[in-house]
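# Close look at the chain arrangement
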Amino acid sequence: MHKKQRIFLFLGLLFALALLCIYIVYLWKYKVFIPKTPVVHYRIAASDSMSYANTYCYNFENIKNNKHISTEYAFSGKQSAKVSGKNRYSIIIQKPFKEFKYDSMGEARFGAWVYLPAKDEKWSGKFVFQIVNANNKVKYSHLVPIQKESPMANTWFYISGKADIKDVELEATDRVKVFYWNNCNRDVYLDDVVMILGNQHLKGNKPMVDETLKNYSFHAVPNQPPYETFYAKKELAVNVKNTSLLSTDGTKSLALEGDNVVSGYFVSNNTKTQQLLILKLQQPTAIVWFVPEKNLFSFIKIDDTVFSSEQKEITPLAADVNGDGVDEIICVGEDAKDLEIFAFNPRNQKIARISKESSHIEKGIKLIQTFHQKSNKKQSLLAIDKTGEAFLLDFEKGVWTNRFLGYLTEGAQINYESKMITGNLIQADATDNVLFLYKEGRTNRCFYKLFEVDIEQGKSICIQQRNFDNKCDTLTPENTYFVGDLDGNGIKELISYSNAWRYDMKWICFTDKDYRIVGNIDFKGYDKDYNPKYYENLMLSAGNFTGNKTFSVFTLCKNRNAKTDLPENVGLYSLSTSISE
Amino acid sequence: MMRFNSYKILLFVGALLALSSCQQGTKTKQSLDFEVKDFKTLTNWNTFVTGDKTSKLLYLDYQDAINGFTIPSIRQTADGNFDFEFTIKNNSGSTQQYYYKIYYQNESYKFPECAVGSTKEHPYAQENFYGSWADTTLSFVETAAIPSDGKFHTVKNKIRIIGNPRNEKRYYYKEENQRWTRNPRMGTYSFMLVVSAADNFKNTKVPDYISHIQRKHNDRFVNPYYYFLYGEGSKMKGVFVVNNVHDLQVIAKPNLATGIYSNPQDFDPKQYQKYYTKTCAFNENLYLNAPLGQFINNVNASGKLDNIPVIADVLQDNYSMRDFNWNRTFYKKEELITTQPNTVDCPCQQVDVDTVSGNVVMRNAASHYGDWNKQSVGVITRQGFAYGKYTVKVKLTELLNKNGIWNGITNAIWLVTNGTEPWNDCRECRSKGYLSKYGGGSNDKRSRTTSYSEIDFEILKTVDYCPLYQFPPAYYYPVADRRQTSMWNVPLPKSMLQDTGNVMVCCTNWDMACPQPAQYDVGCQPVQYGNQSFMAHRWDYWYRALTERTPVSDDEMFAADYYYFQIEWKPTEIIWRIGPEKDKLRVVGYMNDEITSIPNNQMLLVISQEFHNTDWWHGSPFEQQFVPFPKNDLLGKIMEITVE
């Protein structure tokens with residue numbers, strides 16, 4: 001190579017280098033140059049979810065054994081992110097874009113609290129917001145330059161920026177990154193980094209429309225929410241202390257503990273109010289009833305283990321099967337064939353078995369309910385066996401007789417969860433209807449069938465049936481149901497109670513063609529805000545506990561762990577007898 | 001030594017400038033050829049004495065005032081004029097006729113006649129409310145022949161203060177002078193008498209634009225006060241000027257019991273007549289005399305809320321934080337009521353006059369199942385003013401219950417533009433211009449003028465929050481875990497607990513993002529008022545409003561029988577005050593023309609109880625959609641409105 005050529009080559013290289021330098025300076029100056037951060041494999045969980053969409057706060061408290069995390073200083077909690085030395089980046093907060101809600105993107109805002117330990121040195125750095133694609137290629141970058149000759153030391157202050165991303169073509173595989181890039185020798189600490197994607201409403205931000213008249217009207221659609229709420233008002237009970245009932249002479253107390261309740265008329269008294277048989281581990285522990293004229297609960301303790309049956313799938317029933325004016329307690333035997341009858345003996349204040357007889361349902365009882373026939377003083381039982389055959393059971397002369405009433409095969413199938421409810425749901429003072437609820441396990445589809453029972457003909461006639469293609473939360477067999485005449489018209493209504501995702505109690509009535517959700521039932525009159533629905537464990541029963549014409553809800557409210565601001569308690573809440581009230 | 005000399009020179013020059021610049025106060029300029037004395041204004045109006053001060057006080061007469069106020073009205077003096085007089089002595093040696101003219105100017109809300117440190121006219125002095133004879137074609141008035149007899153001769157005449165005193169065409173509509181569009185300002189008035197020798201007119205020494213105030217000079221008005229007291233007129237020979245400052249105090253204190261006018265444009269009288277009452281209706285009497293109208297909110301149609309389907313009396317039902325959290329957490333989407341904070345749907349049902357007390361009563365209507373109401377209600381004054389000290393005595397609904405839970409209402413006392421037509425345009429924004437419409441985004445085209453203006457007290461439950469950008473404070477979001485109370489029953493952040501009983505008094509000036517003020521800025525900036533410091537916040541460069549927030553006890557403002565709120569809107573500053581009594585007010589907000597453009601157009605006063613979208617108020621702990629619908633009416637009373 002000639003000397004001239006070498007000189008030219010050298011000059012050319014020099015020129016190229018100079019161009020490169022100018023280009024780098026240009027990029028730096030116009031904020032296009034950004035520190036390249038690696039693909040981040042770790043993930044920092046947001047310290048909490050925000051009440052605002054696409055808003056995340058990172059306080060670095062849940063990160064362990066990370067060199068970027070320091071316990072020397074913290075704006076909140078005990079840890080912060082430390083950036084040590086020049087040309088270093090902080091721990092990178094990275095969030096897949098698909099985790100944000102896509103609507104109303106347009107801008108992003110990001111901020112952090114920053115701490116500079118005392119040191120007489122200028123501070124410079126960049127607070128960076130980036131959007132990278134799946135290959136970590138930067139699609140968008142916004143840098144907030146931070147430069148101070150003599151920054152305040154030993155104090156936390158806030159840095160923030162806003163990025164205009166409306167022109168960025170965002171894809172679900174993109175990732176959003178926020179980090180700090182340190183351009184000075186001093187250490188910098190970051191905490192409580194906030195990242196928000198999307199626009200937020202501002203007053204005056206949108207054009208106003210002059211709407212001088214109300215243009216909104218609500219059209220209630222039957223059986224679609226929202227429903228009107230009816231409030232059951234708390235009864236004054238003077239002998240309740242938390243979950244204990246005290247006798248008025250102070251000699252006795254009953255600590256209410258139980259996992260189930262059966263309501264019925266177990267003790268003959270003058271009040272004509274239903275009583276509550278409290279069960280614990282399927283054994284009776286007490287009979288409790290409310291005396292409205294005295295505003296107190298009466299109770300009888302039952303100490304003996306009397307229910308010998310190991311049958312736990314079917315809750316004992318209360319039914320006056322012998323027509324003596326008080327209810328007996330019916331338990332299904334271990335083999336699902338025998339029926340045991342227990343009764344309260346007022347003389348020794350004990351519950352004793354008075355009968356154990358076969359139901360003559362050879363295939364075993366799967367579902368059983370009390371059944372009331374028109375103008376019949378004593379009550380029958382309606383049972384469905386494991387093949388779907390329905391039987392009417394009567395207790396006559398010490399033995400059970402049964403009559404075949406047809407088939408309800410859905411109740412017998414193994415992939416159906418089912419529940420049976422009885423009551424005169426259509427007509428006043430009529431023989432009970434049978435409401436049969438079932439749910440297909442595979443699809444979660446719910447169905448109901450409502451039957452009229454023709455005892456003379458020995459058959460049951462389906463008068464209504466419906467399926468719920470979508471989710472059903474009211475007529476589902478998973479709920480607990482109570483039957484009572486809430487509005488005093490002689491026709492029973494249904495109370496559906498769920499305590500799964502939330503407390504949910506609904507008042508449902510039936511017509512000869514359809515069902516109608518009348519409304520929600522909530523509570524009022526409780527002390528402070530001790531609404532029974534707020535308790536983690538709520539045992540609840542509904543019935544005529546304060547009189548024949550009043551429908552009431554008995555509540556036993558407990559929490560998993562004692563909470564001083566939500567003390568455990570017992571309550572009785574009554575609904576007024578008329579809807580219009 | 002040299003530096004000391006320079007300093008002295010500077011001091012000397014400064015003193016000269018100060019002496020030569022405008023001086024405020026009573027001015028009297030004497031002429032040699034004649035003498036004028038005993039200039040008495042308002043001789044047919046009683047003097048009002050307060051302490052050691054004497055002034056003449058006049059309350060605006062609202063009767064038939066819908067087309068504009070006159071001061072005095074026909075009912076206040078015998079002929080609807082103030083009488084004035086002066087005496088003049090002719091020293092010229094021959095009988096003379098003199099020419100005189102009386103000017104008046106509002107002194108409470110004016111720009112100084114001279115620019116700061118200058119003898120030139122203040123660029124905004126022409127905006128001052130000044131006038132003269134109602135007939136602007138009338139120049140100086142000739143006196144009778146005054147003999148040169150060494151005696152003072154009395155000259156009498158009449159004057160009254162009216163709207164649009166310069167008869168500007170801007171305030172005309174179809175050849176009719178709409179004097180109500182430039183009503184007289186409230187506060188004190190001065191009267192300036194100018195008496196001139198005949199020569200000044202024969203030789204046209206007094207310019208046409210001074211003798212006829214409706215005329216312009218170089219395409220702008222010249223304030224005659226400036227002209228005669230500081231400008232060329234002050235050097236003019238043969239002119240006698242006397243300026244009685246603070247001679248008259250004018251106060252607007254409408255009788256609220258007169259009634260509320262229902263605008264037929266809001267509610268068709270044919271359809272809604274059945275709702276009218278004696279004191280709230282659409283009729284001629286109320287049209288002419290009612291000081292208030294029913295206010296119909298502008299509703300942002302896009303501001304829909306998915307509201308929880310709960311009807312509760314938050315104030316009375318012992319509604320707790322647990323209730324709030326439960327209802328916020330455990331409702332399904334399909335159960336929510338999609339509605340928007342709306343307006344009333346018929347006239348005179350939610351506002352009326354309590355004829356016993358004379359108070360105006362407004363109420364946000366209760367909701368019933370299926371009739372879900374979050375209705376904003378309010379009243380608006382019907383006569384606008386530019387500037388003024390607006391004081392209201394009100395008993396508005398409480399906002400928080402004893403548990404510190406908010407009922408969703410924003411109590412608002414605010415001024416809003418009297419009209420969005422060009423006659424009500426604000427002063428031009430010379431720097432980039434205004435974002436002229438109330439609603440709009442950052443990309444709206446800017447314009448040199450806007451007629452939209454608003455100055456607010458908005459009192460609601462939100463946080464004292466002044467960020468650079470929109471960073472809502474972080475709250476834990478409840479998790480719908482039925483079996484763990486602590487998961488869904490999320491407490492307020494600790495930082496908010498101390499403010500449980502407080503609501504935020506938010507003071508806002510909608511300057512429509514005119515960046516002309518020297519310290520116009522974005523984010524949070526301190527504003528000093530005396531020894532108080534307020535943090536003024538603007539969301540963005542294009543954001544049209546500047547807000548300051550002060551936490552105040554809800555009980556203090558709304559649990560008492562009444563409370564006072566005051567907006568003092570001056571040409572260069574706005575001061576927000578509150579207090580239990582009118583003489584016990586404290587400042588809760590302050591802005592000046594260094595940081596925001598102070599509107600100079602005419603505005604109306606609105607008092608309202610509104611349901612706002614809390615998305616506007618980032619960080620509000622109780623989002624509007626999780627606040628129940630009101631079970632009972634929420635009452636507000638307006639006892640007194642005063643503009644001074």
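Residues numbered from 1 in each chain as written. Chains lettered and ligands numbered in written order. Predicted model: local features only at pLDDT ≥ 70, side-chain atom pairs only at ≥ 80, totals over all residues.

Quick look at the overall build of chain B now. Within chain B one finds 10 helices and 38 strands. Relative to the globule expectation of 26 Å for 644 residues, the C-alpha radius of gyration of chain B, 28 Å, shows essentially globular dimensions. Taking the principal axes of its C-alpha atoms as reference, chain B extends roughly 105 × 75 × 50 Å. Of all 644 residues assigned to chain B, the portion counted as buried reaches 49%. (Helix = DSSP H or I, 4+ residues; strand = E, 2+ residues; numbered from the N terminus. Rg over C-alpha atoms; globule rule 2.2 N^0.38 Å. Buried ≥ 20, exposed ≤ 12 C-beta atoms within 10 Å, placed from the backbone.)

Residue and element names in this part refer to chain A. A sheet is described by the order of its strands in space; here four strands give the open sequence E25-E26-E27-E28, paired in antiparallel fashion. In the strand order of this sheet, the two ends are held by strand E25 (365-371) and strand E28 (399-407), each with one partner. The sheet shows a mean angle of 25° between the axes of neighbouring strands, direction not considered. Pairing geometry for E25 and strand E26 (residues 380-385), over six bridges, is antiparallel. (Pairing = 2+ DSSP bridges. Axes fitted to C-alpha atoms, helices over the stretch in contact; angles between N-to-C directions.)

Residues and elements named next belong to chain A. Overall, the prediction assigns chain A a mean pLDDT of 84, with 88% of residues at 70 or greater. Within chain A, strand E1 (residues 48-49) has the poorest average pLDDT of any element, 49, and strand E33 (residues 480-484) the best, 95. Taken together, the stretch residues 207-214 has pLDDT below 50 and engages in 20 contacts with residues farther than four places along the chain or on a different chain. (pLDDT = per-residue confidence, 0-100. Contact = placed C-beta atoms within 7 Å.)

To continue, consider the domain arrangement of chain B. Residue and element names in this part refer to chain B. Annotation of chain B at the domain level lists domain 1 (23-251) and domain 2 (298-643). Distance from the C-alpha centre of domain 1 to the C-alpha centre of domain 2: 42 Å. Each partner contributes to the interface: domain 1 provides 16 residues, whereas domain 2 provides 15 residues. Among the residues forming the side of domain 1 that touches domain 2, the class breakdown is nine nonpolar, two polar and five charged. (Domains from an automatic or database assignment. Nonpolar A, V, L, I, M, F, W, Y, C, P; charged D, E, K, R; others polar.)

We now examine the sheet that holds strand E35 (residues 503-510) of chain A. Residues and elements named next belong to chain A. With respect to topology, eight strands assemble into an open sheet ordered E33-E34-E35-E36-E13-E39-E38-E37, the strand pairing being mixed. Edge positions in the open sheet fall to E33 and strand E37 (537-543), since each of these has one partner strand only. Neighbour-to-neighbour, the strand axes of this sheet turn through a mean angle of 30°, independent of strand direction. Note: E33 against strand E34 (residues 493-499), five bridges, orientation antiparallel. The residue of E34 that forms the bridge with Phe482 is Ile495.

Listed in full, the buried residues belonging to helix H7 (residues 321-329) of chain B are Arg322, Asp323, Phe324, Trp326, Arg328 and Thr329 of chain B. In this structure, the buried residues of H7 of chain B make contact with helix H8 (485-488) of chain B.

Residues and elements named next belong to chain B. By size, the foremost hydrophobic cluster in this structure holds 157 residues, and its most contacted members are Ile260, Val360, Val379, Leu415 and Phe457. No other element matches strand E14 (residues 187-197), which puts seven residues into this core. Here this core gathers at least three residues from each of two domains, domain 1 (23-251) and domain 2 (298-643). Dropping the residues within four chain positions of it, Leu415 is found in contact with Tyr390, Glu454, Ile455, Ile567, Trp569, Met603, Leu604 and Leu605. (Core = buried A, V, L, I, M, F, W, Y, C linked by C-beta atoms within 7 Å.)

We now examine the confidence of the model for chain B. Residue and element names in this part refer to chain B. Taken over all residues, the pLDDT of chain B has a mean of 89, while the share at 70 or more is 92%. Taken as a whole, residues 1-20 scores under 50 in pLDDT and shows two contacts with residues more than four places along the chain or in a different chain. Predicted as a complex, the structure gets a pTM of 0.83 and an ipTM equal to 0.80.

Take the pairing of strand E12 (residues 188-197) of chain A next. Each regular strand carries side chains that alternate between the two faces of the sheet. Residues and elements named next belong to chain A. The buried count for E12 comes to 10 of 10 residues, which makes it a mostly enclosed element. Where strand E2 (residues 55-58) lies against E12, four bridges are found, and the strand directions are antiparallel. Within E12, the residue paired with Thr55 across the bridge is Ile196. Pairing of strand E4 (residues 80-83) with E12, which is carried by three bridges, proceeds in the antiparallel orientation. Of the residues in E12, the one forming a bridge with Lys82 is Tyr189.

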